[in-house]
Amino acid sequence: MTKKKKPAHKLRAQAIILLWRLLAKCSPHALWRLARVIGPQIHRFSQRERYVTNVNLKDVYPELDRPERHARSRESLVHSTATMLELGFAWMAPPSRIEASILEVHGRELLDEARGQGCGVIVLAPHFGNWEILNFWLSSHFPFTAMYEPPRICALEPTIRHGRERMGAALVPTNSRGVASLLKALKRSEAVGILPDQVPSWGSGVFADFYHRPAYTATLLPKLVARTQSRVVTGVALRLSGRGFAIHFLPADERVYSADETVSARGVNACVEDAIALAPVQYQWEYKRYRKTPEQEQNHPEHKKFRIYQKR
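What you are looking at is a predicted structure, and each value in this text was computed from that prediction instead of being measured.

Can you walk me through the packing of aromatic side chains in this structure?
Under the counting rule described, the total for this entry stands at 13 aromatic pairs. An aromatic cluster of at least three residues, connected via ring pairs, comprises Tyr61, Phe210, Tyr211, Tyr283, Trp285 and Tyr290. Looking at arginine 72, its charged tip hangs above the ring of tyrosine 61, at a distance of 4.7 Å from the centre.

How should the pattern of salt bridges be read in this particular structure?
Between side chains of opposite charge, a pair can form when the charged atoms approach closely. In this structure the tally under the stated criterion is 12 salt bridges. Across the salt bridge formed by glutamate 132 and arginine 164, the nearest N and O atoms sit 2.5 Å from each other. Taken together, the residues glutamate 132 in helix α8 (residues 131–141) and arginine 164 in helix α9 (residues 157–165) connect sequence positions 32 residues apart. For lysine 305, the salt bridge goes to glutamate 302, with nearest N and O atoms at 3.3 Å.

What should I look at first to understand the side chain of serine 230 in this one?
Counting through the fold element by element, serine 230 comes out in the loop between α11 (220–228) and β8 (231–239). Take serine 230: its relative accessible area is 1%, and that puts it in the buried class. Residues within four places of serine 230 in sequence aside, it is in contact with Gly120, Val121, Ile122, Leu186, Val225 and Tyr257.

Got a minute to help me understand the layout of surface pockets in this structure?
Left-over empty space is what a probe sized like a water molecule reveals as it rolls over the atoms. The volume enclosed by the second largest pocket comes to roughly 200 Å³. Around the second largest pocket sit Ile42, Arg48, Glu49, Leu77, Ser80, Thr81, Met84, Leu85, Gln284 and Glu286, which together line it. Where the lining of the second largest pocket is concerned, the elements lending two or more residues are α3 (47–60) and α4 (66–85). In terms of residue count, the dominant contributor to the lining of the second largest pocket is α4 (five residues). Along the lines of polarity and charge, the residues of the lining of the second largest pocket split into four nonpolar, three polar and three charged.

Hey, could you run me through the sheet that holds β8 in this one?
Spatially, seven strands are ordered β1-β9-β8-β2-β5-β3-β4 in an open sheet, and the strand pairing comes out mixed. At either margin of the open sheet sits one strand with a lone partner, and together these are β1 (102–106) and β4 (170–173). Direction aside, the axes of adjacent strands within the sheet are offset by 25° on average. Direction of pairing for β1 relative to strand β9 (residues 245–251): parallel, over a ladder of four bridges. Within β9, the residue paired with glutamate 104 across the bridge is alanine 246. Relative to strand β2 (residues 121–124), α11 is tilted by about 165°, and along the sheet it contacts β2, β3 (144–148), β5 (191–194) and β8.

I tried to follow the packing of α3 against α4 on my own but got confused; where do I start?
Helix packing geometry: the angle between the two helix axes and the distance between the axes. As a packed pair, α3 and α4 sit with axes 10 Å apart at the nearest point and diverge in direction by 125°. In terms of orientation, α3 and α4 fall into the oblique class. For the element pair α3 and α4, the recorded crossing hand is right-handed. Together, Glu49, Arg50, Thr53, Asn54, Leu57 and Lys58 of α3 and Arg69, Arg72, Ser73, Ser76 and Leu77 of α4 make up the contact between the two elements. Here the contact of α3 with α4 is composed, by residue class, of two nonpolar, four polar and five charged.

Help me out: how do you make sense of the nonpolar core in this one?
By size, the foremost hydrophobic cluster in this structure holds 43 residues, and its most contacted members are Ile133, Leu138, Ile247 and Phe249. Tallying contributions element by element places α8 first for this core, with five residues. Leucine 138 has contacts with Leu111, Val123, Phe144 and Phe249, leaving out every residue within four places of it along the chain. With 25 residues, the next largest nonpolar core counts Phe210, Ala215, Val236 and Trp285 among its residues.

The rules behind each value
- Residues numbered from 1 in each chain as written.
- Predicted model: local features only at pLDDT ≥ 70, side-chain atom pairs only at ≥ 80, totals over all residues.
- Heavy atoms only, no water.
- Phe/Tyr/Trp six-rings, centres within 6.5 Å; stacked < 30°, edge-to-face > 60°.
- Lys NZ or Arg CZ within 6 Å of the ring centre and 35° of its normal.
- Salt bridge = Lys/Arg side-chain N within 4 Å of Asp/Glu carboxyl O.
- Helix = DSSP H or I, 4+ residues; strand = E, 2+ residues; numbered from the N terminus.
- Buried < 20%, exposed > 50% of the residue type's maximum accessible area, 1.4 Å probe, protein only.
- Contact = heavy atoms within 4.5 Å.
- 1 Å grid on protein atoms, 1.4 Å probe; cavity = no way out; pocket = protein on both sides within 12 Å on 5 of 7 lines; lining within 4 Å.
- Points joined across faces, edges and corners; volume = space filled by probe spheres on them.
- Nonpolar A, V, L, I, M, F, W, Y, C, P; charged D, E, K, R; others polar.
- Pairing = 2+ DSSP bridges.
- Axes fitted to C-alpha atoms, helices over the stretch in contact; angles between N-to-C directions.
- Parallel < 35°, antiparallel > 145°, perpendicular 65-115°, else oblique.
- Left-handed = near helix turned anticlockwise from the far one by under 90°.
- Core = buried A, V, L, I, M, F, W, Y, C linked by side-chain atoms within 4.5 Å.

Below is the structure:
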C-alpha cells in the first residue's frame, strides 16, 4: 500500500508545483479575478468550508441577519481562494514583482523603534489576507525567523521551503529546538513570526476568549516575552481588491506582556480581533478555531454536546 501511495503523491506534487509556476506568471489583479470566479463555486459546492464559515460568522457576529451572513461567508471564501491562488506568486514570482505589488506599509516604525532599542520583535501573524506576502516583506527587510511545519505531501517541502526562505527567512521546526532558535533570534534583536490563531496541541495552551467564546490558545508568546523582554506587534498583508497588498503592523494589546498565561492569551486573541477589524472578510473563517472546548479538557462526560461544529 505504501509503495503505491508514494508515486501518486509525487505525481500530485509535480502537478501542484506546475500549477504554482503557472500562477506565478499572473498579476495580483488576474489572480483576484480568478478567485472571484472560483470562490463562489467553492462556497456553493464545498459543504465543509461553507458550513464552518457560517458557524463561525454566526457565533462571532450574531447581529448579522441570514442574507448578510451569507454574503460575508461567500466573500470570505473568495479571499481564501485568492490566498491559495497567490501561493505561486508569493513563492516563485521575481522578487521585484512581489515588492511592486506591496503598495502600502503602515506601522513599520513599531519594528524599527523596538530594534533601535535593542529589543527583539515578535510578529503575531494571523490567518488573514495573505500571510505569505507578509513573510516575503519581513524577510526582505529584517533578519526574520519563523516556525515551519512540513506539508502533508512531503515532495512539496523543498519548493515551499525555498519559496519562504529565498529572501533570507530562517524556518525552524515546531518543537523545542525551534523554540530555542526563536529565543536566540530575539536575543539578537531580530524579528520572529508566530501564528497566534492556530489551535495548539493539548498541554501547549490555555482557554481564553476569542470574541466572546473560549478558544484554546497557545502559550508560547508569554514564554518568549518573559525570557527576552521582546516587543510584540501584529502583522498582516491586507489584500487591496486585486490591486496589490497593504502591509499593516498594529500595536499589541498590553495584556500580551502579562506573566499570567491566560491573561496573555486573551491579549493575543484581542490582537487577532484588531487585525480582523481591518477587513473581516479577509480572515480565514473556514478554520475550526473553537474545535477544542473547556468541557473536553475537563473530561466532561457529555463534552460532545458543547461542540459548535458538527461533523461534515
